[in-house]
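Listed below are the residues making up each chain.
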Amino acid sequence: MATLSTNTLILFFGTAALVFSWFFVRGKQWSELSAKTMAPSMKAAVFVLLPFLALFGLAQLGSLTIASSVLYFAPAMLVPFILSRLNFLPFERSILMLAMFVGTCMVLPADSEPAVAAMIAGLFVWKISDNLLLPEKSTLEDLLPSLIWLTSVYWSHVGGGTINGTIQESVVLGTIVVSMFLRWVQRPLFAKGDKVYLKRIVLALTGGLSVLCVITKVIEAATMPKVAAVAGAGFIFAYLLQTTDDKEEDATVKGLKQLIYIGIFTLVASRLFGMLGVLVLSGTMLVATKSGTAHLAGMFWAIKALIQTFVAQYNPNVTGVNLTHSYVSAALYAGFLLVVVLSVFIRDSKEKRWLTVLLLGGAVALPVGSNYFVHPEPTSAMLIAASVAAILMCAMCSALYQRAVEAHENLILIPGVMAASALLSHELLELGQASTAHDRLIAIGALATLVVILGIVNHFIFNNPKKSQPQVPVTSET
């Protein structure tokens with residue numbers, strides 16, 4: 001499906017092998033690998049996977065073509081789960097996962113967009129369940145590179161961009177390669193600190209010039225050199241966000257500043273280069289070495305591009321989402337409300353297993369219902385509202401709740417799950433338009449029954465007194 005040049009593939013796999021080997025072998029991180037908790041952890045992974053296998057089974061009974069995508073969904077969820085439980089560090093996992101998905105996309109046939117959507121969905125399901133079940137090791141660093149790549153492949157094939165798809169994919173992957181390289185070389189430079197910000201400015205300029213060299217010499221896209229300016233600005237912005245995270249100041253002021261910065265960069269990148277600029281900007285956030293606002297911003301931009309693929313594919317209104325339509329405005333409120341309610345649940349819930357079920361169930365079911373019971377424009381509005389609400393709540397969490405909330409950054413994943421669910425259930429758009437009131441009542445009854453069954457099964461699984469021994473979490477980050 002992806003059509004990268006030989007030079008681009010050599011650059012990516014060569015850099016990935018070099019950086020991974022340096023951290024894994026030279027840093028002796030191989031000695032930290034362990035499979036002690038693999039068996040009980042895989043049991044939890046299987047129970048997370050089972051409800052989604054049931055949904056794909058229902059799709060098969062309904063003769064929906066998306067049912068075959070389970071062959072891509074399941075590995076995309078289970079392989080990262082295994083890497084996490086083997087105790088690979090997040091940065092190492094990100095490299096291995098990205099190499100796997102780049103190789104997979106290279107061998108997929110040209111019309112495999114549903115397979116890419118299924119892999120994105122599998123990644124989101126893994127990340128939410130992994131982060132919530134092990135909140136002390138919650139991170140977005142390992143997910144972000146693979147999500148950016150898969151979203152760029154999907155967008156280049158279905159999003160309607162005016163730039164050649166091969167060039168778009170190569171530019172985004174080239175930016176990720178430069179980010180990996182900067183992550184490698186910046187470690188010794190920052191060993192003695194950078195009080196005057198000189199080292200970070202030099203690294204950002206080096207990163208921008210490196211992206212320019214990749215574009216002009218490796219990709220040979222003579223019309224795209226200005227994208228390198230977005231990359232250079234993105235690198236310095238990632239360092240800026242990481243600095244603001246460490247700075248001691250009022251939580252409200254800090255959150256507002258970060259939101260204003262993110263909004264400005266979103267506007268400039270999307271206005272100048274569309275979703276390509278947004279994806280390049282997302283790729284530059286990978287230089288951040290700590291989980292924080294930089295990774296949240298990268299997730300927001302990647303999810304924004306993913307949502308735009310749904311809007312471009314299925315929204316019949318060529319001028320955009322029309323909020324004056326009653327269904328559309330109602331869906332807008334629903335998107336905001338869902339994120340706010342789930343934020344409160346993350347804050348107050350002490351049972352992370354039920355919280356995982358709740359977050360995944362709500363994020364999957366709402367777009368599916370919207371696709372069937374209304375039409376694509378309300379679904380588009382709901383996805384856009386959810387993504388905006390998620391970055392707002394994540395940035396302002398400490399100010400709103402007057403304390404740090406454990407694993408609250410996972411709220412940014414909710415609109416991603418919703419977008420992937422909407423893409424996978426797109427066939428319901430046509431079925432819903434042709435359905436009768438009787439058909440819709442049957443659909444409501446079937447969904448209610450499924451929710452009850454899954455709730456009962458989950459209750460007996462997670463409240464079985466025979467398996468009350470606690471599991472020792474595996475260290476996944478130094």
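The structure displayed is predicted, hence computed values, not measured ones. (Residues numbered from 1 in each chain as written. Predicted model: local features only at pLDDT ≥ 70, side-chain atom pairs only at ≥ 80, totals over all residues. Heavy atoms only, no water.)

Asks: I keep staring at the packing of helix H4 (residues 90-107) against helix H6 (residues 144-158) and nothing clicks. Help me out?
Replies: For any two helices packed against each other, the geometry comes down to the angle between their axes and how far apart the axes lie. Contact geometry for H4 and H6: axes closest at 8 Å, N-to-C directions at 20 degrees. What the angle tells us is that H4 and H6 run roughly parallel. Between H4 and H6 lies a crossing of right-handed hand. Counting all contacts with H4, which are made through Ser94, Met97, Leu98, Phe101, Val102 and Cys105, the residues of H6 involved are Pro145, Ser146, Trp149, Leu150 and Val153. (Axes fitted to C-alpha atoms, helices over the stretch in contact; angles between N-to-C directions. Helix = DSSP H or I, 4+ residues; strand = E, 2+ residues; numbered from the N terminus. Parallel < 35°, antiparallel > 145°, perpendicular 65-115°, else oblique. Left-handed = near helix turned anticlockwise from the far one by under 90°. Contact = heavy atoms within 4.5 Å.)

Asks: Mind showing me how you'd approach the environment of Gly165 here?
Replies: For Gly165, the position within the fold is in helix H7 (residues 165-189). Considering only alpha carbons, one finds Gly165 and Thr216, 51 residues apart in sequence, at a separation of 17 Å.

Asks: How do you make sense of the packing of H6 against helix H11 (residues 293-314) when you look at a structure like this?
Replies: Interaxial distance between H6 and H11 falls to 10 Å at its minimum, and their mutual angle equals 25 degrees. With respect to their mutual orientation, H6 and H11 come out roughly parallel. For H6 against H11, the interelement crossing comes out left-handed. Counted together, Leu144, Leu147, Ile148, Thr151, Tyr154, Trp155 and Val158 of H6 and His295, Gly298, Met299, Ala302, Ile303, Ala305, Leu306, Gln308, Thr309, Ala312 and Gln313 of H11 form the full contact between these two elements. Residues belonging to the contact of H6 with H11 are distributed by class as follows: twelve nonpolar, six polar and no charged. (Nonpolar A, V, L, I, M, F, W, Y, C, P; charged D, E, K, R; others polar.)

Asks: Sorry, what's going on with unusual backbone geometry here?
Replies: Trans is the prevailing form of peptide bonds, just as negative phi is the prevailing case for residues other than glycine. The backbone of Gln402 shows a phi angle near 60 degrees, a positive value even though the residue is not glycine. Here Gln402 is to be found in the loop between helix H15 (397-401) and helix H16 (414-424).

Asks: Honestly, the pattern of salt bridges in this entry has me stumped. Any pointers?
Replies: A side chain with one charge may pair with a side chain of the opposite charge, provided their charged atoms come close. Scanning the entire structure with this criterion turns up eight salt bridges. A salt bridge links Asp246 to Lys290; the shortest N-O distance between them is 3.8 Å. Separated by 44 residues along the polypeptide, Asp246 in helix H9 (residues 227-246) and Lys290 in the loop between helix H10 (251-284) and H11 bring together distant segments of the chain. Put simply, Arg347 and Asp348 hold a salt bridge, and the shortest N to O gap is 2.7 Å. (Salt bridge = Lys/Arg side-chain N within 4 Å of Asp/Glu carboxyl O.)

Asks: Mind showing me how you'd approach the confidence of the model for the chain here?
Replies: Any residue range with low pLDDT should be treated as having predicted coordinates unsuitable for detailed reading. For the chain, the average pLDDT comes to 87, and 93% of its residues sit at 70 or higher. In the model of the chain, helix H18 (residues 437-462) stands out as the element of lowest mean pLDDT, 67, in contrast to H16, which has the highest, 96. Across residues 465-478 the pLDDT falls below 50, and counting only partners more than four positions away or on other chains, this stretch makes 26 contacts in the model. (pLDDT = per-residue confidence, 0-100.)

Asks: Which parts of the structure should I look at to understand a nonpolar patch on the surface?
Replies: A contiguous nonpolar patch, built from Ile260, Ile264, Leu267, Val268 and Leu272 and spanning about 500 Å² of accessible area, is present on the exposed surface. Examined against the element boundaries, Leu267 turns out to sit in helix H10. Judged by relative accessible area, which is 57%, Leu267 ranks as exposed. (Patch = residues over 30% accessible without salt bridge, like charges linked within 9 Å, V, L, I, M, F, W, Y side chains within 5 Å. Areas by Shrake-Rupley, 256 points an atom, 1.4 Å probe, with all protein chains shown as cover. Buried < 20%, exposed > 50% of the residue type's maximum accessible area, 1.4 Å probe, protein only.)

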